[in-house]
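Each chain, letter by letter, is given below.
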Amino acid sequence: MILINNISKTFEVSKKKIEAVQDVSLTINDGEIFGIIGFSGAGKSTLVRCINLLERPTSGTVEIDSRELTSLSTKELRLVRKKIGMIFQHFNLMPSRTIFGNVAYPLRKSGLSKKEIREKVRELLQFVDISEKENAYPSQLSGGQKQRVAIARALANDPKILLCDEATSALDPQTTKSILQLLKRLNEKLGITVIIITHEMTVVKEICSRVAVMDRGRIVEEGEVFTIFTNPQQQITREFIKTTSNLQKIDALIKANSQVVTLNPGEIIVRLSYVQRNASEPLISTVSQKFDVHLNIIFADIEIVQGAPIGGTVAIISGERDKITKAIEYLIEKHVGVEVIKDAGTIE
Amino acid sequence: MQELLNDLIPNIMSKLPAFYTALSDTLLMMVWSGIFILIFGLLFGIVITVTRKGGILENNIIYQILDKLINLFRSIPFIILLTAVMPLSRLIMGTAINVRGAIVPLVLGTVPFFTRQIESALAETDHGLIEAALSMGSSPVEIIFRIYLRESIASIIRGTTITLISLVGLTAMAGVVGAGGLGDFAIRYGHDRNQVDVTWVTVIILVVLVNVIQVFGGLFVKKNTHKT
């Protein structure tokens, strides 16, 4: 378990104090994938560097498995760091070494023989699925391949924790996905606690179980990813969620007066969103039959987060006004978030 | 052949033993001072890199002292340094003249330059690599040898090539303290006695020497470069 207690970090840049991290406390459980999301400059990279003390916090403590790190000697700290892997946005592979050499780097003086090191490196390269590049140099690899090698290197000393500092931010969406799958696999198969720093909500949505939202050096919101997605408390969290959902496109369409959203009298546009983990009922058709209204789905965006559907649909409802009202009441009863976006008014 | 050379470069052929001595003096100065320059330059280059602000062994006092000393010695013209350090030469080498006497000023005159070359070579090392090494639990010594020196080997060789070439030029001045060498030979016979062929031959030999250093340096750089 990682316990971050009241950490603050202040930098002094040309006589000006910059409070990068302010009084942050977090508990990260063994074996979970924990996300820390924030815009650039929010202090998340500094925070993650405080976990392995690449940055020493100005105040506060870091405990890993009830061992307080800030009071360790430099030698003890080096041993602890060997058990905390870290990967970076720009991979940080050594250009002068081959892939094999890069992964073997942390294994020197680990007590393994040359032969054992060779076996270990091959095993790691196989795990991250890049065995064939053993003798290549980093400059010959693509971004995704480099990150795989970096992950293999970070795993060399069998760490219990893996810190990912914007590990997918320099990768294209498809490669990002495959790297995230790899992170998930090492989390599940090796039981490694993964801490992910990112500014992309899709990354959080894809693999994290819990997430903390960071803004200007502070954690403003923290919780299970599903809860955060369905019931965000802070404006900044909502903004992050918006970036992952198509449901916001309706606003742009309305603004542009698109053909799709032109209403006839009596029709309204609603945004329906799932806020509970029970979207198994065929709500749309039920409502349509029960209340004699028509629902024309403009678009839908539903994804599975932590095993439950998240998202919703934007639809045009047409029918008699009191029936529409009843239908909406029914939906709210069923814990569906209903938001009327545009109303053409009742038929005169 | 012999006759052709006698015709072409009569003044060289007439004092071949002195010419060979001059050549070997130059090479001796290069080799001996080169060894010390390499050792001290690398050492100081590393120290100034790791002790600077944000370095892995940040230490402002050591950094400032070294930085100012380098600037001090770099601003003294070599010809002045040659004579100014004679007492020190006598203390260290036992003599202030000949090839032995030239080693101390050559080292003092070149080490600061080479230190800066090493410093800028090491500064090219991606900070991310240092951070990655720290995160893997590497010690400062490991980082110096396994990251800094190894990753910037091409730049270090490049800096060494430049330094050795400028060293060739400096050895030519060492005649002031009676160290001999090709430069001194050229001045004494080529210039003072107007034996132009002596000047030409020395220049050609120096050009060859510089090119040999440059070519070998280039080869080493190429062999150690894996960046695209």
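Here's the deal with the environment of His-191 of chain B
Residues and elements named next belong to chain B. By the secondary structure assignment, His-191 is in helix H11 (residues 182-191). Accessibility expressed as a C-beta count within 10 Å gives 12 for His-191, which makes it exposed. Those residues in contact with His-191 that sit more than four places away from it in its chain are Ala-186 and Thr-199.

A few points about unusual backbone geometry
Residues and elements named next belong to chain A. Look at Lys-15: it is not a glycine, yet its phi comes out positive at around 70 degrees. Tracing the backbone through its elements, the reader meets Lys-15 in the loop between strand S1 (2-13) and strand S2 (16-28). Note on Lys-15: 5 C-beta atoms within 10 Å, which makes it exposed. One non-glycine residue, Glu-166, lies in the positive phi region at around 50 degrees. Residue placement: Glu-166 occurs in the loop between strand S7 (161-165) and helix H6 (173-190).

Here's the deal with the environment of Leu-28 of chain B
All names here are of chain B. Structurally, Leu-28 can be placed in helix H3 (residues 16-51). The exposure class assigned to Leu-28 is partly exposed, which follows from the 19 C-beta atoms found within 10 Å. Taking the C-alpha atoms as reference points, Leu-28 and Asp-192, 164 residues apart in sequence, are found 25 Å from one another.

Some thoughts on helix H7 (residues 98-123) of chain B
All names here are of chain B. Counted at 1.5 Å a residue, the expected span for H7 with its 26 residues is 38 Å, and the 38 Å between its end C-alpha atoms agrees. Along H7, the sharpest kink reaches roughly 30 degrees, centred on Val-111 and followed within four residues by the proline Pro-112. With 22 of 26 residues buried, H7 lies mostly within the body of the structure.

Considerations on the sheet that holds strand S9 (residues 210-215) of chain A
All names here are of chain A. With respect to topology, six strands assemble into an open sheet ordered S6-S7-S8-S3-S9-S10, the strand pairing being mixed. The open sheet has two edge strands, strand S6 (84-87) and strand S10 (218-224), and neither has a second partner. Mean inter-strand twist for the sheet, computed between neighbouring axes without regard to direction, equals 15 degrees. When S7 meets strand S8 (residues 193-198), the two strands line up parallel, connected through five bridges. Directly across from Ile-161, in S8, lies its bridge partner Thr-193. Contacting S6 and S7, helix H5 (residues 143-155) crosses the sheet at an angle of about 165 degrees to S6.

Section: the interface of chain B and chain A
In this complex, chain B contributes 16 residues to the contact, which on the side of chain A involves 17 residues. Those elements that provide at least two residues to the side of chain B that touches chain A are helix H8 (127-135) and helix H9 (140-151) of chain B. Of the residues that constitute the side of chain B that touches chain A, the class distribution is six nonpolar, six polar and four charged.

Here's the deal with the domain arrangement of chain A
Frequently, the measure chosen for interface size is the accessible area removed from exposure when the parts meet. Residue and element names in this part refer to chain A. One can read the domain layout of chain A as domain 1 (2-234) and domain 2 (246-343). Using only C-alpha atoms to locate each centre, domain 1 and domain 2 end up separated by 40 Å. Taken together, the contacts link seven residues of domain 1 with eight residues of domain 2. No other element matches the four residues that helix H8 (residues 225-230) contributes to the side of domain 1 that touches domain 2. Partitioned by chemical class, the residues of the side of domain 1 that touches domain 2 number three nonpolar, three polar and one charged.

Observations concerning the packing of H3 of chain B against H11 of chain B
At a minimum axis separation of 7 Å, H3 of chain B and H11 of chain B run at an interaxial angle of 140 degrees. The segment H3 of chain B lies against H11 of chain B, with Phe-19, Ala-22, Leu-23 and Thr-26 of chain B engaging Leu-182, Asp-184 and Phe-185 of chain B.

Re the environment of Arg-238 of chain A
Residues and elements named next belong to chain A. Relative to the helices and strands, Arg-238 is located in helix H9 (residues 235-242). On the neighbour-count criterion, Arg-238 (10 C-beta atoms within 10 Å) is exposed. For the pair Arg-238 and Ser-113, spaced 125 residues apart in sequence, the C-alpha separation works out to 53 Å.

Regarding the sheet that holds strand S14 (residues 336-343) of chain A
Residues and elements named next belong to chain A. Taken in spatial order, the four strands make up an open sheet running S12-S13-S11-S14, and their pairing is antiparallel. The open sheet is flanked by strand S12 (294-305) and S14, the only strands paired with a single partner. When the angles between neighbouring strand axes are averaged without regard to direction, this sheet yields 15 degrees. Where strand S11 (residues 268-274) lies against S14, seven bridges are found, and the strand directions are antiparallel.

Some details on the packing of helix H4 (residues 60-75) of chain B against H7 of chain B
All names here are of chain B. At a closest axis distance of 9 Å, the pairing of H4 and H7 adopts a crossing angle of 125 degrees. What the angle tells us is that H4 and H7 run oblique. In this structure, H4 meets H7 at a crossing whose hand is left-handed. For the pair H4 and H7, contact is made by Ile-70, Phe-73 and Arg-74 and by Leu-108, Pro-112, Phe-113, Thr-115 and Arg-116, respectively. Residue composition of the contact of H4 with H7, by class: five nonpolar, one polar and two charged.

A word on the nonpolar core
With 137 residues, the main nonpolar core has Val-103, Leu-163, Cys-164 and Ile-195 of chain A as its most contacted residues. Both of domain 1 (2-234) and domain 2 (246-343) of chain A provide at least three residues apiece to this core. Not counting the four nearest positions on each side in its chain, Cys-164 of chain A is found in contact with Ile-87, Leu-183, Val-194, Ile-195, Ile-196 and Ile-197 of chain A. Of all hydrophobic cores here, the second largest spans nine residues; its members include Ile-12, Ala-22, Val-198 and Val-201 of chain B.

Remarks on the pairing of strand S4 (residues 59-64) of chain A
Residues and elements named next belong to chain A. Inspection of the sheet shows S1 paired to S4 by five bridges, in the antiparallel sense. When the sheet's bridge partners are listed, Leu-3 is paired in S4 with Glu-63. As consecutive antiparallel partners, S4 and strand S5 (residues 67-68) are separated by two residues, and within that stretch Asp-65 has a phi angle of approximately 50 degrees, a positive value.

Scoring rules and cut-offs
Residues numbered from 1 in each chain as written. Chains lettered and ligands numbered in written order. Predicted model: local features only at pLDDT ≥ 70, side-chain atom pairs only at ≥ 80, totals over all residues. Helix = DSSP H or I, 4+ residues; strand = E, 2+ residues; numbered from the N terminus. Buried ≥ 20, exposed ≤ 12 C-beta atoms within 10 Å, placed from the backbone. Contact = placed C-beta atoms within 7 Å. Expected span 1.5 Å × (residues − 1). Bend = angle between axes of the 7 residues up to and from the residue. Pairing = 2+ DSSP bridges. Axes fitted to C-alpha atoms, helices over the stretch in contact; angles between N-to-C directions. Nonpolar A, V, L, I, M, F, W, Y, C, P; charged D, E, K, R; others polar. Domains from an automatic or database assignment. Parallel < 35°, antiparallel > 145°, perpendicular 65-115°, else oblique. Left-handed = near helix turned anticlockwise from the far one by under 90°. Core = buried A, V, L, I, M, F, W, Y, C linked by C-beta atoms within 7 Å.

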